[in-house]
Amino acid sequence: LPDGDFSVRGTAVFQSGNLDSGIGLALGDAEQALVVAVSPLGYVLVRQGDAVLLPWQPWPHVQLEENPNEIWIDVRGSKMTVRLNRELLWQGPVNFASRRLGLFAEGFGETAVYTFPAIEIYYHE
């Protein structure tokens, strides 16, 4: 990810398998990554490393099952804003050890298949 302020927008789509699962974006180092994830059952998660900032919980703006969910993360200085499907989900301070971007997946049973058809990175000068 670029130095300075940036935004990341990605779209996750559940394809098949176990609905009791989640997918999202991970920013930073693997051990201390800030993770924003969504489940096709209507749940969301925000955590950084072992610190759970917003535990898996229902959220009314999640698109269910095979409908796409857009995760949008804005980082301005040390403050982060997370939107899910254009609705404000979470805001708070962040500290990244590195500027890496990855995907996060978690399952609570059998295999689930997702696509992540788009990831866009915007750099703010």
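What you see is a predicted model; the values in this text were computed from it and never measured.

Concerning the overall build of the chain
Now for step 1: A count of helices and strands for the chain gives zero helices and ten strands.
Now for step 2: For the chain, the sequential pattern of α-helices and β-strands runs β-β-β-β-β-β-β-β-β-β.
Now for step 3: Computed over C-alpha atoms, the radius of gyration of the chain comes to 14 Å, within 12% of the 14 Å expected from 2.2 N^0.38 for 125 residues, which places it in the range of a compact globule.
Now for step 4: Along the first, second and third principal axes, the C-alpha set of the chain runs to 40 × 25 × 20 Å.

Considering the packing of aromatic side chains
Now for step 1: Within the structure shown, the criterion is met by three aromatic pairs.
Now for step 2: Consider the rings of Phe14 and Tyr114, whose centres lie 5.5 Å apart with planes at 75°: the pair is edge-to-face. Here the residue Phe14 occupies a position in strand β1 (residues 5–17), and Tyr114 occupies one in strand β10 (residues 112–124), the gap between them amounting to 100 residues.
Now for step 3: Aromatic side chains Trp72 and Tyr122 sit 6.4 Å apart centroid to centroid with 15° between the ring planes, which places their arrangement in the stacked category. Highlighted residues: Trp72 in strand β6 (residues 69–76) and Tyr122 in strand β10, separated in sequence by 50 residues.
Now for step 4: Overall, the relative accessible area of 31% leaves Tyr122 in the partly exposed class.

Digging into the sheet that holds β10
Now for step 1: Reading across from one edge, β8-β7-β6-β1-β10 is the order of the five strands in this open sheet, with antiparallel pairing throughout. The sheet is open, and its two edges are formed by β8 (87–93) and β10, each paired on a single side. For this sheet, the mean inter-axis angle between neighbouring strands, taken without regard to orientation, is 15°.
Now for step 2: As paired elements, strand β7 (residues 79–84) and β8 share six bridges and run antiparallel to each other. If you follow Lys79 over to β8, its bridge partner there is Pro93.

A few points about the side chain of Ser21
Now for step 1: With respect to the helices, strands and loops of the structure, Ser21 is situated in strand β2 (residues 21–27).
Now for step 2: For Ser21, the side chain forms a polar contact with the side chain of Tyr114, separated by 2.8 Å.
Now for step 3: Not counting the four nearest positions on each side in its chain, Ser21 is found in contact with Val38, Ser39, Pro40, Glu106, Gly107, Phe108, Ala112 and Tyr114.

Description of the layout of surface pockets
Now for step 1: Each pocket or cavity is described by its volume, and for the largest pocket that value is around 180 Å³.
Now for step 2: Lining of the largest pocket is provided by 14 residues; of these, Ala26, Asp29, Ala30, Ala33 and Val35 occupy positions nearest its centre.
Now for step 3: Counting residues per element, the lining of the largest pocket draws most heavily on strand β9 (residues 101–107), at four residues.
Now for step 4: Across the lining of the largest pocket, the residue classes break down as seven nonpolar, three polar and four charged.

Calculation criteria
Residues numbered from 1 in each chain as written. Predicted model: local features only at pLDDT ≥ 70, side-chain atom pairs only at ≥ 80, totals over all residues. Heavy atoms only, no water. Helix = DSSP H or I, 4+ residues; strand = E, 2+ residues; numbered from the N terminus. Rg over C-alpha atoms; globule rule 2.2 N^0.38 Å. Phe/Tyr/Trp six-rings, centres within 6.5 Å; stacked < 30°, edge-to-face > 60°. Buried < 20%, exposed > 50% of the residue type's maximum accessible area, 1.4 Å probe, protein only. Pairing = 2+ DSSP bridges. Axes fitted to C-alpha atoms, helices over the stretch in contact; angles between N-to-C directions. Polar contact = N/O pair within 3.5 Å; in protein donor to acceptor, adjacent residues only side chain to side chain. Contact = heavy atoms within 4.5 Å. 1 Å grid on protein atoms, 1.4 Å probe; cavity = no way out; pocket = protein on both sides within 12 Å on 5 of 7 lines; lining within 4 Å. Points joined across faces, edges and corners; volume = space filled by probe spheres on them. Nonpolar A, V, L, I, M, F, W, Y, C, P; charged D, E, K, R; others polar.

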